[in-house]
Amino acid sequence: METVTYQREIPVTKTVDVLVIGGGPAGLGAAIGAAKTGAKTLLVERYGFLGGNATASLVGPFMTSFSADGKTQVIRGVFDELVRRMEAMGGAIHPSKVPAAVAKSAYMKHGHTGVTPFDPEAMKLVSAEMCLEYGVELLLHTIFIDPLLDGDAVAGAILHNKGGLQAVRAYTTIDCSADADVAARAGVPFAIGRSSDGLTQPMTMFFRVGNVNGAQVAEYFKEHPEEIEQRMAFSSCIKAAQAKGDFTIPRERLSLYESPQEGVWRVNASRILGTDGTNAADLTRAEIIGRRQVMEILAFLRAYVPGFTHCTLIDTAAQVGVRETRRIVGEYTLTAEDLIAGRDFPDTIAYAAYPMDIHSPTDGGGGVSNKGETADAYQIPFRCLVPRNIERLLVAGRCVSATHEALGAIRVMPPSFAMGEAAGTAAALAAAEGLRPRDVPVSWVQETLVKHGAYLGPSVRPTH
Ligand SMILES: Cc1cc2nc3c(=O)[nH]c(=O)nc-3n(C[C@H](O)[C@H](O)[C@H](O)COP(=O)(O)OP(=O)(O)OC[C@H]3O[C@@H](n4cnc5c(N)ncnc54)[C@H](O)[C@@H]3O)c2cc1C
């Protein structure tokens, strides 16, 4: 391949304690967590709004923030404050009010007690207001290009926006890009996909429909309780449509979620196989396939699914939903066995309970199983956020150090908020004390998190 060398002098526009790249759930947790801990914090986001998948990809509801037995809310902190603020403006329903196996939990049982239905427009507004109130500086419409390297440390980033190329210096940088863009370009080792063949979970184009008759949907599930028990919602509708050649999407069941607004449902039903979310040509193809699938699913819903006969298309996501790309290699790699055993870690910075949810990379199967193999609540250690080889960089959200299987559980939005908040807290403490993030005593991080409202199990209590 032909190459060119490109060199330019660019202005250093800012110097901050903590630079967060990516304004999704992890980035929001990180930026607000860092600002609450006293750091001068800049949050950089490529789109004109915050929220990541929760807004740009119309993904929702927030999966469970409760223990599997539904008794303890294990993800609190920034996540819970954001949900309560959205609820106050009618844009969300607190997870404590949402049981499993109802319309708002897509008639799913396992892992679906305590999901949070929310309105993506409320999310856009409330997430920005919360950042500003806590003192986070926002820089939207700005894309991360490259890390500024200082020996083996990340010392900030090269950014690009309508003002051109620019540099920001930072004591600690947090990669919340979901794709580990910062870490990968800084030379942190990473893995992609299943260990057997490198294939990743499929992409999905979310969309929303209005004018749905929820009573008719409820009636359908009274007649088909086995579809709830067998985790196969709407499978008889799919089979009927397949028999007539009216459903060609590789998907054997549907996740249709009633939203907080009357008659408005989110549709998680498309499935785009064989695409790599770090490859722009694949992403381009996925956007086109995804929107074609939306039209097929819309026709199918109207013709075959009770309650959806008169549904109207509200919107498709601005960006196709990408479930999985790079996972960094960190100081610890979380495994399925850790989640199943509910392993205790001395450096726990978050609890979560969502089960392993792995959509098949090759066909219509997979997703949350009904077996309940993960612990009632499991722990995520700080070392999963600390990359190997590179200093002054932390990683949070979908690209942390975990196996493909463990990531299938912790990738969802509530744990991403919690991991982000922990990374932001550690990054701020590192900047305040002049330490490498890996050298910040974890007890400081844990105590600060708990003081700020996070849950770290029954044994960690704030001491100051
Ligand atoms: C189809 C699908 C269905 C899902 N269903 C659910 C569900 O029902 N409930 C649930 O809780 N979770 C669900 N998830 C998982 C969840 O949405 C993600 O794993 C979660 O959003 C990860 O959070 P994050 O902050 O790491 O990444 P993201 O939400 O992807 O946020 C990353 C942010 O970084 C920005 N960014 C990326 N690169 C750059 C760059 N170079 N420069 C500047 N900004 C950048 C992006 O624009 C984005 O705002 C689903 C995911 C998918 C794809």
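Please read these numbers as outputs of a predicted model, since none were measured by experiment.

Draft legend 1. The arrangement of the environment of Ala153 in detail. The topology assignment puts Ala153 in strand E5 (residues 153-161). We classify Ala153 as buried; its relative accessible area is 5%. Taking the C-alpha atoms as reference points, Ala153 and Ser105, 48 residues apart in sequence, are found 44 Å from one another. In this view, Ala153 contacts Leu148, Glu391 and Arg392; residues no more than four positions away in its chain are not counted.

Draft legend 2. View of the domain arrangement of the protein chain. Each assigned domain of the protein chain is listed with its residue range as follows: domain 1 (12-101 + 114-195 + 324-451) and domain 2 (207-316). Domain 1 puts 28 residues into the contact, and the matching count from domain 2 is 22 residues. In this assembly, domain 1 packs against domain 2 so that about 1900 Å² is buried in total across both faces, 52% of it on carbon and sulfur atoms. Across the domain 1-domain 2 interface, the total number found is 1 salt bridge.

Draft legend 3. The pattern of salt bridges, seen in detail. Applying the stated criterion to the full structure yields 24 salt bridges. One salt bridge connects Glu229 with Lys109, and the closest N-O pair in it is separated by 2.6 Å. Of this pair, Glu229 sits in helix H6 (residues 225-229) while Lys109 is found in the loop between helix H2 (77-88) and helix H3 (120-133), placing the two residues 120 residues apart along the sequence. The class of Lys109 is partly exposed, set by a relative accessible area of 38%. The residue Glu331 makes a salt bridge to Arg438 at a minimum N-O spacing of 2.9 Å. Here Arg438 lies in the loop between helix H11 (413-433) and helix H12 (442-451) and Glu331 lies in the loop between strand E12 (326-328) and helix H9 (336-341), a separation of 107 residues in the sequence. Residues participating in the shared-partner salt-bridge network are Glu331, Glu391, Arg436, Arg438 and Asp439.

Draft legend 4. Representation of the environment of Gly424 within the structure. Examined against the element boundaries, Gly424 turns out to sit in helix H11. Assessed through its relative accessible area of 0%, Gly424 is described here as buried. With residues up to four places along the chain from it excluded, the contact list for Gly424 reads Ala30, Gly33, Ala34 and Ile174.

Draft legend 5. Up close: the sheet that holds strand E11 (residues 312-316). Strands sit in the order E9-E10-E8-E11 across an open sheet of 4 strands; the sheet is antiparallel. In this open sheet, the two edge strands, each paired with only one partner strand, are strand E9 (255-258) and E11. Pairwise comparison of adjacent strand axes, ignoring direction, gives a mean angle of 25° for this sheet. Bridge count for E9 against strand E10 (residues 265-268) is 4 bridges, and the pairing is antiparallel. Looking across to E10, one finds that Leu256 is bridged to Val267.

Draft legend 6. Spatial organisation of the pairing of strand E16 (residues 378-381). Of the two faces of E16, both are covered, the one formed by Tyr378 and Ile380 as well as the one formed by Gln379 and Pro381. Sheet topology note: the strand E13 (residues 348-352)/E16 ladder contains 4 bridges and is antiparallel. Each residue of the ladder has a partner; that of Thr348, found in E16, is Pro381.

Draft legend 7. Up close: the site of the ligand. Of all residues adjacent to the ligand, which total 34 residues, the nearest are Glu45, Arg46, Pro61, Phe144 and Arg411. Within the backbone of Ala26, one N or O atom sits 2.9 Å away from an oxygen atom of the ligand. Burial of the ligand by the protein amounts to 97% of the accessible area it has alone, namely 1000 Å². Elements supplying a minimum of two residues to the shell around the ligand: helix H1 (25-36), strand E4 (143-150) and H11. It is H11 that contributes the most residues to the shell around the ligand, 3 residues altogether. Residue classes in the shell around the ligand are distributed as 16 nonpolar, 12 polar and 6 charged.

Draft legend 8. Here's a closer look at empty space enclosed by the protein. Considering all chains together, one arrives at 1 cavity of 30 Å³ or more under this definition. Roughly 90 Å³ of internal volume is contained in the largest cavity. Lining of the largest cavity is provided by 15 residues; of these, Arg76, Ala418, Glu421, Ala454 and Tyr455 occupy positions nearest its centre. For the lining of the largest cavity, the secondary-structure elements that each account for two or more residues are H2, E13 and H11. Considering only residue class, the lining of the largest cavity consists of 12 nonpolar, 1 polar and 2 charged.

Draft legend 9. Region of interest: the packing of H2 against H3. Taken N-terminus to C-terminus, the directions of H2 and H3 make an angle of 125°; their axes are 10 Å apart at the nearest point. What the angle tells us is that H2 and H3 run oblique. With respect to the hand of their crossing, H2 and H3 are arranged in right-handed fashion. Here Val78, Glu81, Leu82, Arg85 and Met86 of H2 lie close against H3, whose contacting residues are Ala122, Met123, Val126, Ser127, Met130 and Glu133. When its residues are assigned to classes, the contact of H2 with H3 shows 7 nonpolar, 1 polar and 3 charged.

Draft legend 10. Local environment of the pairing of E4. Summarising the sheet, E4 and E5 pair through 6 bridges and their orientation is antiparallel. By the bridge assignment for E5, Asp150 is matched with Ala153. As consecutive antiparallel partners, E4 and E5 are separated by 2 residues, and within that stretch Gly151 has a phi angle of approximately 65°, a positive value.

Draft legend 11. Focus on the nonpolar core. Of all hydrophobic cores here, the largest spans 147 residues; its most connected members are Phe62, Phe234, Phe300, Leu301, Phe308 and Leu334. By residue number, the principal contributor to this core is H11, which donates 11 residues. Counting contributing residues, this core receives three or more from each of domain 1 (12-101 + 114-195 + 324-451) and domain 2 (207-316). Excluding residues within four positions of it along the chain, Phe300 makes contact with Cys237, Ile238, Ala241, Asp246, Phe247, Leu254 and Val305.

What counts and what doesn't
Residues numbered from 1 in each chain as written. Predicted model: local features only at pLDDT ≥ 70, side-chain atom pairs only at ≥ 80, totals over all residues. Heavy atoms only, no water. Helix = DSSP H or I, 4+ residues; strand = E, 2+ residues; numbered from the N terminus. Buried < 20%, exposed > 50% of the residue type's maximum accessible area, 1.4 Å probe, protein only. Contact = heavy atoms within 4.5 Å. Domains from an automatic or database assignment. Buried area = accessible area lost by both parts, 1.4 Å probe. Salt bridge = Lys/Arg side-chain N within 4 Å of Asp/Glu carboxyl O. Pairing = 2+ DSSP bridges. Axes fitted to C-alpha atoms, helices over the stretch in contact; angles between N-to-C directions. Near = heavy atom within 4 Å. Polar contact = N/O pair within 3.5 Å; in protein donor to acceptor, adjacent residues only side chain to side chain. Areas by Shrake-Rupley, 256 points an atom, 1.4 Å probe, with all protein chains shown as cover. Nonpolar A, V, L, I, M, F, W, Y, C, P; charged D, E, K, R; others polar. 1 Å grid on protein atoms, 1.4 Å probe; cavity = no way out; pocket = protein on both sides within 12 Å on 5 of 7 lines; lining within 4 Å. Points joined across faces, edges and corners; volume = space filled by probe spheres on them. Parallel < 35°, antiparallel > 145°, perpendicular 65-115°, else oblique. Left-handed = near helix turned anticlockwise from the far one by under 90°. Core = buried A, V, L, I, M, F, W, Y, C linked by side-chain atoms within 4.5 Å.

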